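Examination of the molecular architecture
Residue-level listing of the chains:
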Amino acid sequence: MRILVTNDDGIDAPGIHAVATALLAEGYDIRIAAPAAECSGSGSSLGTLEHGAAVAYEQRRFEHLPGVEAISFDAPPAFAVFSACAGVFGPPPDLVVSGINPGHNTGRMVLNSSTVAAALTASTLGVRGLAVSCGFPPEHRFDTASKVAVDVTRWMVAHSAPRTVLNVNVPDVDLGALAGARMAPLAARGLLGLTFEKTPDTVRLLRYANTERLGSGTDSALVRDGFVAISALQAVVGATEGLDVAAYIEAHLPLPASAAE
């Protein structure tokens, strides 16, 4: 089982090393491919789509991860995943594990999460993806999240279908203090709240811990209540049912008579 480990906080961030160490200890064949620096909030961006663009990368080695090839990119994590799944650096992975992210990725704003987007990018290329997050420092518990990540990885290896994507959020408590694990729909609001402060020449982004109006049984509410929240996600899927916009547009086009028949 070949596992690609990535993140959006940079290849030197402690979260990616925590989960890579845990997966290596389980005997998995892992490789790391991650951005060289912080790329949070970049979503599924590849950084550039310009023809002939040259994206710099660097081979890295870490003493605590013996035998593990690591590559840092001057690009967001989706680019690292895309290139790895395309076989640029050897056989494609069977699973992409993204994280561990410091900061829960819950609610509909996972659309903007580059941790989650890395896992979704893998699925568009036929590879299963797992995104793992816990809370912000100093309360974050990479140890608990790493153990949960290993357990979910075992399940995915044994049972998941191709293109499966799971978004896993872990409370910041001891492993024995977890209330359990639940499958969860996305909340309307995430545990990370965002607001904006306008000045004459900037818009300042401010974040805050959100614990209100999280719904019942949603991913945000479950993490708040001490449960591991697991959400199954899908990459972009076309939806045309119930939409008559094409017929409306066509009715207003000056089509030749033969095309209208």
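Everything below is about the structure printed above this text.
Residues numbered from 1 in each chain as written. Predicted model: local features only at pLDDT ≥ 70, side-chain atom pairs only at ≥ 80, totals over all residues. Heavy atoms only, no water.

Observations concerning the packing of aromatic side chains
Tallying each qualifying case throughout the model produces four aromatic pairs. With a centroid separation of 5.7 Å and 70° between ring planes, the pair formed by F73 and F79 is classed as edge-to-face. F73 sits in the buried class, given a relative accessible area of 3%. When the centroid spacing of 5.6 Å and the interplanar angle of 85° are considered together, the rings of F73 and F89 count as edge-to-face. You can see F73 sitting in strand β4 (residues 69–73) and its partner F89 sitting in the loop between α2 (77–85) and β5 (95–102), a full 16 residues away along the chain. When sorted by exposure, F73 lands in the same class as F89, which is buried. (Phe/Tyr/Trp six-rings, centres within 6.5 Å; stacked < 30°, edge-to-face > 60°. Buried < 20%, exposed > 50% of the residue type's maximum accessible area, 1.4 Å probe, protein only. Helix = DSSP H or I, 4+ residues; strand = E, 2+ residues; numbered from the N terminus.)

A word on the packing of α2 against helix α3 (residues 114–124)
Running from N to C, α2 and α3 point in directions that differ by 20°, and their axes come no closer than 8 Å. The angle between α2 and α3 falls in the class roughly parallel. In this structure, the crossing between α2 and α3 has a hand that is right-handed. Where α2 approaches α3, its residues P77, A78, V81, F82 and C85 are matched on the opposing element by S114, A118, T121 and A122. Residue classes in the contact of α2 with α3 are distributed as seven nonpolar, two polar and no charged. (Axes fitted to C-alpha atoms, helices over the stretch in contact; angles between N-to-C directions. Parallel < 35°, antiparallel > 145°, perpendicular 65-115°, else oblique. Left-handed = near helix turned anticlockwise from the far one by under 90°. Contact = heavy atoms within 4.5 Å. Nonpolar A, V, L, I, M, F, W, Y, C, P; charged D, E, K, R; others polar.)

With respect to the pattern of salt bridges
All told, the structure shown has 10 salt bridges when counted by the stated rule. Of the charged contacts in the structure, one is a salt bridge between D174 and R141, with a shortest N-O distance of 2.7 Å. Separated by 33 residues along the polypeptide, D174 in the loop between β7 (165–169) and β8 (180–183) and R141 in the loop between β6 (128–134) and α4 (142–159) bring together distant segments of the chain. Note that R154 is salt-bridged to D151, the shortest N-O span being 2.6 Å. Remark: D151 and R154 occur in helix α4; sequence separation between them is three residues, near one turn of the helix. Given a relative accessible area of 37%, R154 falls into the partly exposed group. Look at D151 and you get partly exposed, because its relative accessible area is 32%. Taken together, the salt bridges that share partners define one network made up of E26, K147, D151 and R154. (Salt bridge = Lys/Arg side-chain N within 4 Å of Asp/Glu carboxyl O.)

Things to note about the nonpolar core
Within the largest apolar cluster, 35 residues are counted, with the highest numbers of intra-cluster contacts made by I3, V5, L23, I30, I32, L130 and V168. Ranked by the residues each element gives to this core, the list is headed by α4, at seven residues. When sequence neighbours within four positions are dropped, the list of residues in contact with V5 reads I16, V19, A20, L23, I30, R31, I32, A33, V97 and G99. I71, F73, V81 and F89 belong to the second largest nonpolar core, which has 14 residues in total. (Core = buried A, V, L, I, M, F, W, Y, C linked by side-chain atoms within 4.5 Å.)

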